[in-house]
Amino acid sequence: MSWGDWMRTVEVEPSLYAADFSRLGEQVEALLRAEVRVFHFDVGDGHFIPPITTGPVVLQSIAPLVHGAGGILDCHLMVQSPERHVAQFREAGADSVTVHFEACPDLPAVVAVAREQNLQVGLALSPDTSVEEAAGAALESGVDMVLCMSVHPGYSGQDFIPESIERIRTLRELLPESVPVQVDGGVGPGNIRDLHEAGATLFVAATAIFGREDLPRAYRRLVQALA
């Protein structure tokens, strides 16, 4: 299975980094009932980004729930040496792993490790990274998806960086249509349509969903803004 099989025209991905972990299963179930297909799972190691976030144990706890409903777990590895962790996340239930351009001096080798685990692979670029360089690396290594960060990786709730719209537009021009562009950081009802028009089709939403009382309603509001 691949992103081409998983995606509808567009996908809004709730970012579990912003969830209430005392009610994680309950919140995931509510969003699955609202027809969420893809969940975004952020991983930080305290080195590539300052915070240490959730890991394989948490992923493993929700994977049966998500997969049982036909959902997908998209893991964003904000870590140094991601090739050391790929197998753990596959075992815990990951369907796709995204690694950072800035953390992979030998990206083709990292992609090969992920392929050995039958994972889809994404490449993320931080706001200060050259779009052209990252797109070139994506093409050379044959990744399945490219993630344009619209905040600096590490903390949820940051303000959206407006220049990200043009960066996404450039990425879309440089990549083949078969490689979707994902955006993560500050995505909400006020900018999601502009991001789509620039070329993004995968939208990671954290506080725009989990910062609301009614999670399904918040998710549907984003989907409707794309209609």
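Undergrad: Break down the overall build of the chain for me, citing the residues and quoting the values.
TA: In terms of helices and strands, the chain carries 10 helices and eight strands. Oriented by its inertia axes, the alpha-carbon framework of the chain measures out at about 40 × 35 × 35 Å. Put simply, the chain has 227 residues, and 57% of those count as buried. Within the chain, residue pairs in contact and separated by at least 24 positions form 67% of the contacts whose partners lie at least 6 positions apart. With an accessible surface of roughly 9800 Å², the chain has 48% of that area assigned to carbon and sulfur atoms.

Undergrad: Tell me about the pairing of strand β5 (residues 120-125), and name the residues and values.
TA: Buried residues dominate β5, accounting for six of its six residues. Where the polypeptide runs from strand β4 (residues 96-100) across helix α5 (residues 107-116) and back to β5, its parallel neighbour, the crossover connection is right-handed. Of the strand pairs in this sheet, β5 and strand β6 (residues 145-149) are connected by four bridges, and their pairing is parallel. When the sheet's bridge partners are listed, Gly122 is paired in β6 with Met145. Regarding topology, helix α6 (residues 131-141) serves as the crossover connection from β5 to the parallel β6, and that connection is right-handed.

Undergrad: Before we move on, could you go through the state of the cysteines and cite the residues and values that matter?
TA: As enumerated under the stated definition, the model contains zero disulfides in all. Looking at Cys104, it has no disulfide partner, and the nearest cysteine sulfur is the one in Cys75, 15 Å off. Under the relative-accessibility criterion, Cys104 is labelled buried at 7%.

Undergrad: Requested: an account of the sheet that holds strand β3 (residues 72-78), with residues and values cited.
TA: The parallel open sheet is built from eight strands, whose spatial order is β1-β8-β7-β6-β5-β4-β3-β2. The two strands at the open ends of the sheet, each matched to only one other strand, are β1 (11-14) and β2 (38-44). With strand direction ignored, the average angle separating the axes of adjacent strands in the sheet is 25 degrees. On the sheet, α6 packs against β5 and β6 and is oriented at approximately 165 degrees with respect to β5.

Undergrad: I'd like a description of helix α3 (residues 56-68), backed by residues and values.
TA: Spanning 13 residues, α3 covers 18 Å between terminal C-alpha atoms, matching the ideal 18 Å at 1.5 Å per step. Ile62 marks where α3 bends most, by close to 40 degrees; the proline Pro64 follows one to four residues later. Buried within α3 are the following residues: Leu59, Ile62, Ala63 and Val66. Against the buried residues of α3 lie α2 (24-33), β2, β3 and α4 (86-92). Positioned one or two residues after α3, Gly70 has a phi angle of 85 degrees, which is positive.

Undergrad: How would you explain the nonpolar core if you had to name every residue and give the values?
TA: Judged by nonpolar contacts, the single largest core of 66 residues is most densely connected at Phe39, Leu171, Phe203 and Ile209. Top element by residues in this core is α6. It accounts for five residues. Core analysis: the second largest hydrophobic core is formed by 11 residues, Trp6, Met7, Ile72 and Met149 among them.

Undergrad: Provide a residue-level description of the packing of α6 against helix α7 (residues 164-174), including the pertinent values.
TA: At a minimum axis distance of 10 Å, the contact between α6 and α7 shows a crossing angle of 35 degrees. Taken as a pair, α6 and α7 cross one another with a handedness that is right-handed. Between α6, through Val131, Glu132, Ala135 and Leu139, and α7, the contact on the second element is made entirely by Arg167, Thr170, Leu171 and Leu174. The class makeup of the residues in the contact of α6 with α7 is five nonpolar, one polar and two charged.

Undergrad: Help me get a handle on the pattern of salt bridges, residues and values and all.
TA: Under the criterion given, the structure shown has seven salt bridges. When the shortest N-O distance is used, the salt bridge between Glu177 and Arg172 registers 3.8 Å. The class of Glu177 is exposed, set by a relative accessible area of 66%. Salt bridges linked by common partners bring Asp20, Arg23 and Glu26 together as one network.

Calculation rules
Residues numbered from 1 in each chain as written. Predicted model: local features only at pLDDT ≥ 70, side-chain atom pairs only at ≥ 80, totals over all residues. Heavy atoms only, no water. Helix = DSSP H or I, 4+ residues; strand = E, 2+ residues; numbered from the N terminus. Buried < 20%, exposed > 50% of the residue type's maximum accessible area, 1.4 Å probe, protein only. Contact = heavy atoms within 4.5 Å. Areas by Shrake-Rupley, 256 points an atom, 1.4 Å probe, with all protein chains shown as cover. Right-handed = clockwise from strand over helix to strand, strands pointing away. Pairing = 2+ DSSP bridges. Disulfide = S-S within 2.5 Å. Axes fitted to C-alpha atoms, helices over the stretch in contact; angles between N-to-C directions. Expected span 1.5 Å × (residues − 1). Bend = angle between axes of the 7 residues up to and from the residue. Core = buried A, V, L, I, M, F, W, Y, C linked by side-chain atoms within 4.5 Å. Left-handed = near helix turned anticlockwise from the far one by under 90°. Nonpolar A, V, L, I, M, F, W, Y, C, P; charged D, E, K, R; others polar. Salt bridge = Lys/Arg side-chain N within 4 Å of Asp/Glu carboxyl O.

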